[in-house]
Amino acid sequence: MTLTTNLGFPRIGARRELKHALESHWRGDTPAADLQATARELRARHWALQRESGIDLPPSNDFSLYDQVLDTAFLFDAIPQRYRALADADPLAGYFALARGYQRDGIDLHALEMTKWFDTNYHYLVPELEAGQRFALRGDKPVAEYLEAKALGIDTRPVLIGPVTFLWLAKTVDDSDRFALLEHLLPAYAQLLEKLHIAGAQWVQIDEPALVLDLPEASRAAFRKAYAALADGVRPKLLLAGYFGGLGDNLELAASLPVDGMHVDLVRAPEELETVLATLPDDRVLSAGLVDGRNIWRTRLDNALLLARYARTRLGDERLWLAPSCSLLHVPVDLDGEKSLDAELKSWLSFAKQKLGEIRVLANALDGREDAEAALEDARARIESRKASPRVHRPEVAARLASLAADADRRQSPYPVRRRAQDAALDLPPYPTTTIGSFPQTHEVREARAKFKSGKLSEADYEAFLETETEKCVRYQERIGIDVLVHGEFERNDMVEYFGEQLDGFAFTKLGWVQSYGSRCVKPPIIFGDVVRPAPMTVRWSRFAQSLTALPMKGMLTGPVTVLQWSFVRDDQPRADTCRQIALALRDEVTDLEAAGIGIIQIDEPALREGLPLRRAQWQAYLDWAVHSFRLTASGVGDATQIHTHMCYSEFNDIIEAVAAMDADVISIETSRSRMELLDAFVTFRYPNGIGPGVYDIHSPRIPTTAEMVELLGKARAVLAPEQVWVNPDCGLKTRGWAETGAALERMVEAARALRGSSALAT
Ligand code: GLN
Ligand code: ZN
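We now turn to the structure provided with this report.

Details of the coordination of the zinc ion (ligand 2)
(1) Moving on: Those donors, His646 (NE2), Cys648 (SG) and Cys731 (SG), are the protein atoms that reach the zinc ion (ligand 2), and they lie 2.1 to 2.4 Å from it.
(2) Moving on: Coordination at the zinc ion (ligand 2) is tetrahedral: its 4 donor atoms span angles of 91 to 128° at the metal.
(3) Moving on: Between consecutive donor residues of the zinc ion (ligand 2), the sequence gaps follow H-x1-C-x82-C. Pair noted here: cysteine 648 is in the loop between strand 22 (642-647) and helix 25 (656-661) and cysteine 731 is in the loop between helix 27 (706-719) and helix 28 (738-757), with a separation of 83 residues, a long-range link. The same class applies to cysteine 648 and to cysteine 731, which are both buried.

Right, dumping it as structure tokens:
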């Protein structure tokens, strides 16, 4: 009998029960005991669901009240000094303080930094460590949750983040070597493993996704040292889990570690199976990740079965387990909850619960059970219907892409020529001021949208409301002296959803929530088919806003790479192809805006950096098609039309050449949090076009002084030519209130004026 297993289950709940319980607790409406009760109920429900779906060995300790990396830091007592008193007095309050900061009774603690978990849209909290850091077991979460499941009659495999990945994800506040802390950390791991063994756990899953990255020798050495140390103790068997890619040059290292089993991601790296089988020592179990934990499509079971059968002939039935490619944290819980998706589309999809069912079918087929045949047949029929569906394949899209001129991704003239045409057309002052697009999405704006969606507000009344808001926003910008205006984006809910809803080839779920961080969830659109733009999407609002003013109004679009990155993308063609399709649809929007008299158009690409593959060797291929897609979107316009782009919150220094290759006339980019560190890149690399380094951090309610902004602009001036520099905040203002937005923007305009007045301009 083939054993089926799972690496992790979404913890937020099919109806976001955990989110609601957390937020109610944080507001002070419910005591900790209620929150813990909800958490326990969710764990029990999810274990039962996994067993009912046919999973022999479900995980435990995959649950978290906020984040699994924070759990690990807390578990090993890696708690920075500033939180310690609170964490000792009230562990739960201390835990949430690390996650969210704490401001009460004269105490003011800022939260840990947050960043993306590998190449997913899940954010983890970055543990803060320091030289000489001590670790110890604090609490017994993994043991308690193992016993909790056991009391329900379910044997589980506790999941831990492995010591090397944990240190890899952490940072040292004093810049000391993280891996030097390994020897202090390992005894705590060993102690925990012993406790789990005593509690009765047969296996422990040790997640080491760092194994799919480019590892420097120091980290490889850390792996060898860590697992040699853990091998000896009294402990359960260890399943070492790598995922989010192939092990590649780390395969031999992984196989050489003294563990009892290895999990590999055969969805991202099916081609690796052969070498894995050849390298895996004879006494190891292989957990084969055959069902995609990162996407919502049904598995091509015949293909997966081929791999499984092959592995089985080599390993026998004792040593092969079947699993999803990674934790199912990254997909929604249950497709059955979707009542308004049409039946055909639904038949192509698979959420967490359905994916576990697929794993069961694979195991049944492998074991030669007859009932598997009907399930395989059903899966085949669904795949065939998707392959042949006219909703998916629109021949005109492929034809248009094929017939594109070779220079379709090139502007008519090089930047210096365009610059002259734009200067003549726009007549902007030096250091022009602008914003990134959205203005505060106030309670009234969100309420009007909700009323319109539920039918309580007529379309005409909603439009009239939006016109009033837009006009207020335009008048406001005119009054304070902004040079390039925006319409405010009041009609938009979300920068991807707004476009997806107007494009063919996109679908939206009702309950397809995925955890982004803590209690925050997102509901990514599903791109299922060829992308077509049936009608203009933004022209109506840009034209209306432009009609109100003589100043230039900037059109505002979300770029193709960002739309792709923040959606569940079809898996039946390369991502690059889907991106090009989106680019073509947006290109038509750009030229329509131009025809409607909009002379400046911004194409936002905040997600460009986060789409980078985990391995450096694959970066260039990605950057090539990503940059090409952006340029395809932007290049249908004349020289005098000014194309802007915007990027935020990532490290751009190592992709600065690709950013320049996008050839936007102006880029606005986050720099204020890092105090313009980004500009270091420009010391050696001459960024050729216009650039607006964000002069204040919109993610904080803090209002910067004019002097601070002048100082930041001064830093920019040191490495950029004066005629390159634009003045803008570092991101959209939709999460802010009007009071602080107004004050900050007025000072920003003052800062620009100060710069214009200074002699610096004469250079
Ligand atoms: N134009 C968008 C806005 O202002 C950009 C958002 C973003 O960068 N994430 O809201
Ligand atoms: Zn931004």
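That was the structure; now back to the text.
So, the site of ligand 1
(1) Moving on: Close contacts around ligand 1 come from Ile436, Gly437, Ser438, Glu489, Met495, Met556, Asp604, Pro606, His646, Cys648, Cys731 and Gly732, and that covers them all.
(2) Moving on: Side-chain polar atom of glutamate 489 to a nitrogen atom of ligand 1: 3.0 Å apart, as the coordinates give it.
(3) Moving on: Taking aspartate 604, its side chain carries an N or O atom lying 2.6 Å from a nitrogen atom of ligand 1.
(4) Moving on: Surface burial for ligand 1 is 91%, taken as the share of its 300 Å² of free accessible area covered by protein chains.
(5) Moving on: For the shell around ligand 1, the class distribution of residues is 6 nonpolar, 4 polar and 2 charged.

Focus on the nonpolar core
(1) Moving on: Ranked by internal contacts, the top residues of the largest apolar core, which has 111 residues, are Phe76, Trp117, Phe135, Phe223, Tyr227, Leu286 and Leu322.
(2) Moving on: Among the elements that make up this core, the one with the highest residue count is helix 8 (residues 182-199) (9 residues).
(3) Moving on: Not counting residues within four places of it along the chain, the set of residues in contact with phenylalanine 135 comprises Phe76, Ala78, Leu129, Phe166, Leu181, His184, Leu185 and Ala188.
(4) Moving on: Counting residues in hydrophobic clusters, the runner-up holds 96 residues, among them Phe439, Met537, Leu564 and Leu612.

Concerning the environment of arginine 224
(1) Moving on: Examined against the element boundaries, arginine 224 turns out to sit in helix 9 (residues 217-232).
(2) Moving on: Accessibility expressed as a relative area gives 39% for arginine 224, which makes it partly exposed.
(3) Moving on: Placed 202 residues apart in sequence, arginine 224 and leucine 22 show a C-alpha to C-alpha distance of 39 Å.
(4) Moving on: The residues touching arginine 224, leaving out its near neighbours within four places in the chain, are Glu217, Leu253 and Leu257.

Remarks on the sheet that holds strand 20 (residues 568-569)
(1) Moving on: Reading across the sheet, the 3 strands line up as 15-18-20 and stay open at both edges, with mixed pairing between neighbours. One side of each edge strand has no neighbouring strand; the edge strands of this open sheet are strand 15 (504-507) and strand 20.
(2) Moving on: As paired strands, strand 18 (residues 526-532) and strand 20 are joined by 2 bridges and run parallel to one another. When the sheet's bridge partners are listed, isoleucine 527 is paired in strand 20 with valine 569.
(3) Moving on: Lying on the sheet, helix 23 (residues 575-595) is in contact with strand 18 and strand 20; it crosses strand 18 at an angle near 50°.

What about the sheet that holds strand 23 (residues 666-669)?
(1) Moving on: Reading across from one edge, 19-21-22-23-24 is the order of the 5 strands in this open sheet, with parallel pairing throughout. At either end of the open sheet lies a strand with only one pairing partner, and these are strand 19 (554-558) and strand 24 (690-693). Here the average twist between neighbouring strands, direction ignored, is 20°.
(2) Moving on: Relative to strand 23, strand 22 runs parallel, the two being bridged by 4 bridges. Paired with threonine 645 across the strands is isoleucine 667, a residue of strand 23.

Some points on the packing of helix 8 against helix 9
(1) Moving on: Look at helix 8 against helix 9: their axes get within 10 Å of each other, and the N-to-C directions meet at 35°. Considering only the axes of helix 8 and helix 9, their crossing is right-handed. On the side of helix 8, the interface is formed by Leu182, Glu183, Leu186, Tyr189, Ala190 and Leu193, while helix 9 contributes Ala222, Lys225, Ala226, Ala229 and Leu230.
(2) Moving on: Of the residues belonging to the contact of helix 8 with helix 9, the class tally is 9 nonpolar, no polar and 2 charged.

Regarding the packing of aromatic side chains
Any pair of aromatic rings gets described here by the distance separating the centres and the angle formed by the planes.
(1) Moving on: Considering all chains together, one arrives at 17 aromatic pairs under this definition.
(2) Moving on: Taken together, a centroid distance of 5.3 Å and an interplanar angle of 75° make the contact between tyrosine 476 and tryptophan 738 edge-to-face. With tyrosine 476 in helix 19 (residues 459-480) and tryptophan 738 in helix 28, this pair connects stretches of sequence that are 262 residues apart.
(3) Moving on: By relative accessible area, which is 8% here, tyrosine 476 ends up buried.
(4) Moving on: Linked through ring pairs, Trp26, Tyr66, Phe74, Tyr95 and Phe96 together constitute an aromatic cluster.

Some remarks on empty space enclosed by the protein
(1) Moving on: By the definition in use, this model includes 6 cavities of 30 Å³ or more.
(2) Moving on: By volume, the largest cavity is sized at about 260 Å³.
(3) Moving on: Asn61, Gln68, Val159, Ile161 and Asp207 are the residues nearest the centre of the largest cavity, which is lined by 22 residues in total.
(4) Moving on: The set of elements that each furnish at least two residues to the lining of the largest cavity consists of helix 3 (68-75) and strand 8 (157-161).
(5) Moving on: The biggest single contributor to the lining of the largest cavity is helix 3, with 4 residues.
(6) Moving on: Counted by class, the lining of the largest cavity contains 12 nonpolar, 5 polar and 5 charged residues.

Focus: the pattern of salt bridges
(1) Moving on: Under the defined criterion, the tally for this structure stands at 60 salt bridges.
(2) Moving on: The partner of lysine 116 in a salt bridge is glutamate 610, and the shortest N-O contact between them spans 3.2 Å. Of the two residues, lysine 116 sits in strand 5 (residues 114-116) while glutamate 610 sits in the loop between strand 21 (600-604) and helix 24 (619-634), which places them 494 residues apart along the sequence.
(3) Moving on: Notably, a salt bridge pairs arginine 609 with aspartate 654, separated by 3.5 Å at the nearest N-O pair. Taken as a pair, arginine 609 in the loop between strand 21 and helix 24 and aspartate 654 in the loop between strand 22 and helix 25 lie far apart in primary sequence, 45 residues in all.
(4) Moving on: Among the residues examined, aspartate 654 registers a relative accessible area of 35% and is labelled partly exposed.
(5) Moving on: Ionic contacts of the salt-bridge type, sharing partners, join the residues Arg300, Arg386, Asp530, Arg570, Asp571 and Asp572 into one network.

About the cut-offs
Residues numbered from 1 in each chain as written. Chains lettered and ligands numbered in written order. Predicted model: local features only at pLDDT ≥ 70, side-chain atom pairs only at ≥ 80, totals over all residues. Heavy atoms only, no water. Donors = N, O, S within 2.8 Å, 3.2 Å for Na, K, Ca; no water. Tetrahedral: all angles 85-135°; square planar, octahedral: opposite > 155°, others 65-115°. Helix = DSSP H or I, 4+ residues; strand = E, 2+ residues; numbered from the N terminus. Buried < 20%, exposed > 50% of the residue type's maximum accessible area, 1.4 Å probe, protein only. Near = heavy atom within 4 Å. Polar contact = N/O pair within 3.5 Å; in protein donor to acceptor, adjacent residues only side chain to side chain. Areas by Shrake-Rupley, 256 points an atom, 1.4 Å probe, with all protein chains shown as cover. Nonpolar A, V, L, I, M, F, W, Y, C, P; charged D, E, K, R; others polar. Core = buried A, V, L, I, M, F, W, Y, C linked by side-chain atoms within 4.5 Å. Contact = heavy atoms within 4.5 Å. Pairing = 2+ DSSP bridges. Axes fitted to C-alpha atoms, helices over the stretch in contact; angles between N-to-C directions. Left-handed = near helix turned anticlockwise from the far one by under 90°. Phe/Tyr/Trp six-rings, centres within 6.5 Å; stacked < 30°, edge-to-face > 60°. 1 Å grid on protein atoms, 1.4 Å probe; cavity = no way out; pocket = protein on both sides within 12 Å on 5 of 7 lines; lining within 4 Å. Points joined across faces, edges and corners; volume = space filled by probe spheres on them. Salt bridge = Lys/Arg side-chain N within 4 Å of Asp/Glu carboxyl O.

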